[in-house]
Structures are given as C-alpha cells and as structure tokens.
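Structural overview
Chain residues, written in single-letter form:
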Amino acid sequence: MSDENIEANDGAPDFSDPPQTPPRSAPDAEPKLPMQGIRVLDLGTFLAGPHAASVLGEFGAELLKIEHPIAGDPMRRFGTPTKRHDATLAWLSEARNRKSVTIDLRQQEGVQLFLRLIEKSDVLIENFRPGTMEEWGLGWPRLREANPRLIYLQVSGYGQTGPYRRRSGFAHIAHAYGGLSYLAGFPGETPVVPGTVPLGDYFSSLYGAIGIMMALRHREKIGRGQVIDIAIYESVFRQLDEIAASYGLFGKVREREGSGSFVAVPHGHFRTQDDKWVAIACTTDKMFERLAEAMERPELASSALYGQQRKRLAARGEVNQIVIDWVGALPRAEVLERCLNCEVPVGKLNSIADIFEDEHFQARGNLVRLEEPGLGEVVIPGVVPTLSATPGRITNLGPALGNATYEIMRELLDLSAEEIKHLRQRKII
Amino acid sequence: MTTPTHEENLPLSGIRVIDVATVIAGPYCAGILGEFGADVLKVEHPIGGDICRKYGTPTQRGDTLAWLSEARNKKSVTIDLHRREGVEVFKKLIEKADVLCENFRPGTLEKWGLPWETLHEINPGLIMLRVTGYGQTGPYKDRPGFARIAHAVGGIAYLSGMPKGTPVTPGSTTLGDYLTGLYGCLGVLMALRYREQTGIGQYIDAALYESVFRCTDELAPAYAMFGQVRERHGPTHNDFACPYGHFPTKEDGKWVAIACATDKLFARLAEAMGRPELASSSLYGDQKTRLENRHDVNEIVRDWCGSLTRDEVLKRCNATGAPAGPLNNIADIFGDRQFHARRNLVSMDVEDLGETVIVPNVIPRLSETPGRIRHLGPRLGEHTESILTDLLGMNADEIGELRKKRVI
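Predicted model only: the values in this text are computed from it and were never measured. (Residues numbered from 1 in each chain as written. Chains lettered and ligands numbered in written order. Predicted model: local features only at pLDDT ≥ 70, side-chain atom pairs only at ≥ 80, totals over all residues. Heavy atoms only, no water.)

What follows concerns helix α12 (residues 316-328) of chain A. Residue and element names in this part refer to chain A. The end-to-end C-alpha separation of α12 is 18 Å, in line with the 18 Å expected for 13 residues at 1.5 Å each. For α12, every residue scored as buried is listed here: Val319, Val323, Trp326 and Val327. Considered in projection along α12, the buried side chains sweep an arc of 95° and stay on one side of the axis. Where the residues of α12 are buried, they touch β7 (267-271), β8 (277-281), α10 (285-294), α11 (309-314) and α13 (332-341). (Helix = DSSP H or I, 4+ residues; strand = E, 2+ residues; numbered from the N terminus. Expected span 1.5 Å × (residues − 1). Buried < 20%, exposed > 50% of the residue type's maximum accessible area, 1.4 Å probe, protein only. Arc of directions from axis to C-beta. Contact = heavy atoms within 4.5 Å.)

What follows is the structure, encoded as structure tokens:
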C-alpha cells in the first residue's frame, strides 16, 4: 500500500489538539544501538516505506512520523478499529517506535517548517505518487539544497520513472503486476491473494531499508546523500527466482501450481485425517529418502522408483497421491511426529490461533505484549532480525496523532510556545 | 542499472563476504551485498557444491537457471569443511573476511570446530548471518526448514487459497527465503555500522518462519484482542477494504487486481465504471457501508470487469486514477513497457553456456551508487586457485596437495 495524498477527509475526527508528549526516558537508559543518532522523517502512508523506518527505529533510529494535522496517516483507519479513535490495530503495531508530528505540507508555512526538519534529519521516507513532492515545492533539488547529506527513500507503485509512474499502486496491485498473483491458486482456476495483501509493502520497505543503509555507508565516505527509488512491483518481481530466465531461454510461462511447486515433488500442503493441514517440502533427494522412511516405505526412494527429483517430477501425480494417502490416514500430530523423527522438513499450516499456542513462538519471543493505556494488552510481532550484540527494541506502539509536535517544534526547531500556538490555530501543525 | 560506477565508490567495496550458505535465503543476502560492491566468495563442497546448482530448470552447463541468476557476482571456492585441513583453510579465509553467511542446522559449525566463539576469536570484527528454519534457539531449532515450511509455520500458507479449500502456495515457494535474505542483509548492514563505531562484530540469528510472520500486518493483535482467526479469502480480501481483489475480464484467463483502500479511490473506480453515483453517501460512498455490502459491491465490480477486455478495464481505471493492474504472467511482463523502461530485465551472456540469460536487475535502485551485475553464477570451484593463491598466499604445491586429497 503506497501512494495517496494525505487526505483531509471530512468524516475524519479532529485530532488537532493532542495531549502533551509524555516525558522521554533518559537517553542513556538504553544500550548503544547501530542506528542511534540517525533521525528519520517518515512521511509515508500505510506500509510501503514506513516499514523501513520501523526496522531502523527498532535498532535505535529516532522516527518522526510527519502527518497531516487533521487526517493523519490513513493507516490509522486501515484495519480493525480499537477504542482509541485514532488507531487501528494495524496502526498500533506498524507505527511502533514513532513520534507523531503534524505539519500541513499544502501550506507554504508547513513546507518551510518541514524544510527546517529536513536540515536536521538524516533520512526522509515518502510514498506519494511521483510528482506530489514537486507540487509542494519539495523536489529532490530543494531537499538536497536544504540538506546535502539527506538520504531520500521514495517508494511508489511503479517507480519514479517509466510510462506508468503516475499510476496509483498498492501492494495488491503490485502483486498482480509483478507476476506473483498470477501464480497463486489452482491451475486454470481463480487466482487468489498470495497469503496477505500487504506482502509487497514489506518487500519494498526491506529493499528501501537496505538502500538506506548502503547510502549511509556511502555518505560516510563521500559526505553526500542520495535517492533510493523503489517500485513495489519490482520488489515483488525480484522474489520470483528463475521465472524470467526460464521464459527468456525456453519460453516457459509458469502457471499456477496449486499447493505444489514446479521444482520439487513432493512439495506441498497435505490434509490430515483430522481435517488439518501440513506442509511437506522434499527439496532434495535426501529429504525424499527421509520421507519414504517416515512412511515406512524406504523402497520408494530407490533409484528404480522415485529416488531422483527428475523421476518424481515426471511422476508428480503418483508421488503426490502416495503422500496424500499416507498423510490422509493419520492425525496431524502423528504425521508431524513421524516426519520429525526422520528429519523430514514438515510443518503445521498454522492459523493465528495455532501460532499463539506454539511453544517455539513463545520461546523465541515472537509475540511481544505491550500495555496501551485505555486498550489493555496489545500483542504484536517482535523485532526481526535478531542481532546478538545489539538486539532491537520496541519502545511504544503507534502514537496518537501529533503526540510529539510540541516537543519537536520547541526542542528541535526552537520555536516559542507562542509561535507554536499560532501555527496550531491556523492548522499548519 | 549497470551504469558505470567505479568499483571503489560502491557502498560495500572493500567488504569481503564468505557465503557458505545454500539454496536462497543466506546466499541472497550475500548476493545483494555483492551487487553493491562486496567481494563475495561462495565456499562450496568440492563435490556437487551448493544444492542451488540443482534447484530449478537445468541448463546445458549442468547447473540451473536459478543458480545462474542468484549466484550472480560470486566467486566459487571449493573447500570440504568435513575435513580438518579444509577447516584450517576456511579459518584463514575467515581471518580476511568481514561477513560470513551460513545456513547449516544449529550445531553443524560447532561440530566442525567452528563455533561462533572460535570465529569471533579468529576475527573479532566478523559479522555472521545465521539462517535456519527456526532460529538458533527454542524447542524446534533442530528441525529442518525450507521456505515452504516457514510459510506454513509463519501463518501465510493458511491464508492462501479459496475459503475452506486446499491452502495453496502463496504465489511462489521461495518467498520466505527472499524475505529472510532481506531481513538478514539489513541485519548485516546494521552490524557493519555498529562495528565501525565499536570495532565489535556480532551474529544475526535469522529464522525463516520469523521473517514470514513479521509480514502479517495485524494478524496477531487482532487475534489477541478480539479472538479473530483470519481465514483464507480466495481472490478478494475484504477485511479492511472493499472492493479489494482479483476480477476476471471478458477475456479468458486475463484478470485484473483492484484495490480501493480508501473512499477516494472507490470514487475514482465508480467514475471509471461510469457510475459515479455508486460513491455517493446514500449508496457505497464509505468503506463501512461497502464492507457491510461486500457481496453486492464485488458483484457490481465483477459484472463491470467481465463485460470488458483487460486492456479496456485498465484504460478506464487509469484514466480516473483508480488503482488497478493486470495479473501479469511472465510473458506479459516481458512485453510490458514499464518493465522495459525501468530495465527490470537484464540480459547477461554466459560464456561457457553460449547463451544469453535474462535475469531480474538489481534492487534497490540508488541514484549515486547503483549496484551492478558483473557475471552470473560461477562454475563450481572456478576461483579456488586464484583465491588460495592471491588471498591466502598459498603456493602451487600446497594447493596441489589439497586438491589431491580432495579437500578443495
């Protein structure tokens, strides 16, 4: 999900007079983190781009979410609503670690304030439709003039160049356009959503964050920032292993593969006797040998039968049927146990309810529980990746709209209380 | 993105990466670092090498297209780590390395006498990416894992497919590998930054299932707070927005995706359909009403799409700025103007194959220091001799001896 101008939606509640920021914890209360001292302005909406900020923030960067004073990020209204009128659950989780600062970039004074923030920041992230920043007088030449060291991540559906650059794009569209959605579903049947709708937002954010890290390295050598131009569809397309190479060389158009895969057999989802599902992935011959052993039919892995991937691919239907029959005759717990005893790659198709019960998720701390005033406990996914010396952290859930506007205007931009009041009255902040 | 950049100006020039990982996740991290200037040494078993060489469509050279594409820019050095002499050579490489990517099952490096403590002692600045199915800790750490299993365990396989139907592969079986490569790469880059500040290396513990689970938006908080278990949605996803899904056009097998995340976007779609009244407040103007009447709204969109060719649907949507796109297959992609304009497909000659292979170009796209692809996946052991000679200063006799003993 990228794009879309910040919308002053008539129906949106007015958050223009937020509570004051709670006191910050002492800066030395935390161990040193890799991104400490880096200030990121997150001007993005939804997730494509903002997730890059989230990861950097988990590892110590200061994140200022810049939002429209009235509507804020539409992500605040995307997902399951909560008792906090400015926050869905998706917002609470994915706007983690941010401070919210409101500025109306459609007003000249807002633009000036924003440029002053740019002077004091290291990274800017935005995902408007290409051309929007320029309309506001905030094109790259202007930003670079304000801060030659600035690193500027632009995420959009189709990128900053090319004939489709002005089209609006969301991950859902990018999955389709980038070739992923076409592959999800049964052959000849309805293509389905590949798991979740915002996957491409995460992909593009990760590429964006990697670009930012590289640009920071370059800046340390050269002293200058640069622009990172990410198209969501490109991030999706980059995930598709050899699809381009095999079409280019052999003219092969990959089609939907149901629950299987073109590279290996058996490699798919199988229904158990108790009407649950397991995934089995025999990526190599050795893995199949182990499965044959788990099925107590080691002869299946002989070279005369299905010992080689080539033969299994040629006899895909038969091999799958053998596994379907075996799995279908046993309860899930039994399939898992037998497979795991033989070290077959196997896993439950976990629903979120399964995940909450899973001992491994618990042991790894993948579910982080945070108390949110007025809401009680909110459970969100923990930090990924895990670093041994400098583990990341989550300091707060998605903030109230404008919760840090005063603090930032006062402390970072040195405005007087009087000036801030005037800006507020005119709804510039 | 292959504009000439002086190698020494690339962000990772001077960084040496040892990639001893297999298939995609760990190697993909090394691949990205290599595109941006790192020197990547792929350390492989002398017989067979990385199993990625056999993963995918075989070429006449014996290794697969997946290998050619994803082992881009790497040098292949063969070392048998099951042998003591091999471990000694490997330790010398570690002394001269900045980053190590591995994806053995927990305990394997330890078994070879290469635990983190030893590696860290040999080279205190070393950064190690460890990729496994389940991570280095926790009750399942010893289980074998591939991306397919990670999709299942991490919760996205359960969500892919028709409601109550067989769960399907979420588009591609290796998504979780790429995702983990990305999170891992980010970890490596942050660890490099920390090392520059402190001189201290560290390791990154990346689990395939965790990368998948991290990308599930509000799946976890919604279950925790409201007990809501998300199920398979088929071609439409109307938990948060409507219309949001895949719709068939008049042409067989040609689908479009439409995503009206906000009211404004639905108004644009209504305009594209020539029925602006649908977006009025008395009809379906607000998200809440559309979600309550999702079947009716989807039906209206389905009827409209079904009456037009794909090109016509897209043309009308693009004219009003309604978010829509084709469900491209790879043939569509090869014919697409935007892919060409952005140079997303790059043709590389593979000399000893005598063919041109088309692979996805570098992402992310950096303005001052664009990455580059110098060559595709190397032959097994192609660079063993030059690396042992030039980097480790070994002489021809020593190398000959190791070769004879099949250590390299």
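Turning next to the pairing of strand β6 (residues 203-207) of chain B. Among the five residues in β6(B), four count as buried, and that is most of the element. Sheet topology places strand β12 (residues 386-387) of chain A next to β6(B); two bridges connect them, and they run antiparallel. Paired with Thr386(A) across the two strands is Asp205(B), which belongs to β6(B). Two elements, strand β5 (residues 127-132) of chain B and β6(B), share five bridges in a ladder whose sense is parallel. From the neighbouring strand, Met128(B) faces β6(B), where its bridge partner is Tyr203(B). (Pairing = 2+ DSSP bridges.)

Before going further, it helps to examine unusual backbone geometry. Cis peptide bonds are those with omega within 30 degrees of zero, and the linkage from Val265(A) to Pro266(A) qualifies with -10°. Here the bond from Cys242(B) into Pro243(B) is cis, since omega is -10°, no more than 30 degrees from zero. In this model, Asn97(A) sits at a positive phi of 70°, which is unusual for a non-glycine residue. Inspection of the secondary structure puts Asn97(A) in the loop between α2 (89-94) and β3 (98-102). For Asn97(A), a relative accessible area of 7% puts it in the buried group.

Okay, the packing of helix α1 (residues 50-58) of chain A against helix α7 (residues 199-222) of chain A next. Residues and elements named next belong to chain A. Running from N to C, α1 and α7 cross one another at 55°; their axes reach a closest spacing of 7 Å. Considered as vectors, α1 and α7 are oriented oblique to each other. The handedness of the crossing between α1 and α7 is right-handed. Residues Pro50, His51, Ala52 and Leu56 of α1 form the contact with α7, whose participating residues are Tyr202, Ser205, Leu206, Gly208, Ala209, Ile212 and Met213. Residue composition of the contact of α1 with α7, grouped by class: eight nonpolar, three polar and no charged. (Axes fitted to C-alpha atoms, helices over the stretch in contact; angles between N-to-C directions. Parallel < 35°, antiparallel > 145°, perpendicular 65-115°, else oblique. Left-handed = near helix turned anticlockwise from the far one by under 90°. Nonpolar A, V, L, I, M, F, W, Y, C, P; charged D, E, K, R; others polar.)

Now for the side chain of Thr64(B). The topology assignment puts Thr64(B) in the loop between β2 (39-44) and α2 (65-70). With sequence-adjacent residues up to four places away left out, Thr64(B) is seen in contact with Glu242(A), Cys52(B), Arg53(B), Lys54(B), Tyr55(B), Gly56(B), Thr57(B), Pro58(B) and Thr59(B).

Residue and element names in this part refer to chain A. Pairing is antiparallel in the open sheet, where three strands are placed in the order β7-β8-β9. Pairing within the sheet leaves two strands with one partner each, and these edge strands are β7 and β9 (346-348). Sheet twist, expressed as the mean angle between neighbouring strand axes with direction ignored, is 25°. As paired strands, β7 and β8 are joined by five bridges and run antiparallel to one another. Its bridge partner being in β8, Phe270 is matched across the sheet by Val278.

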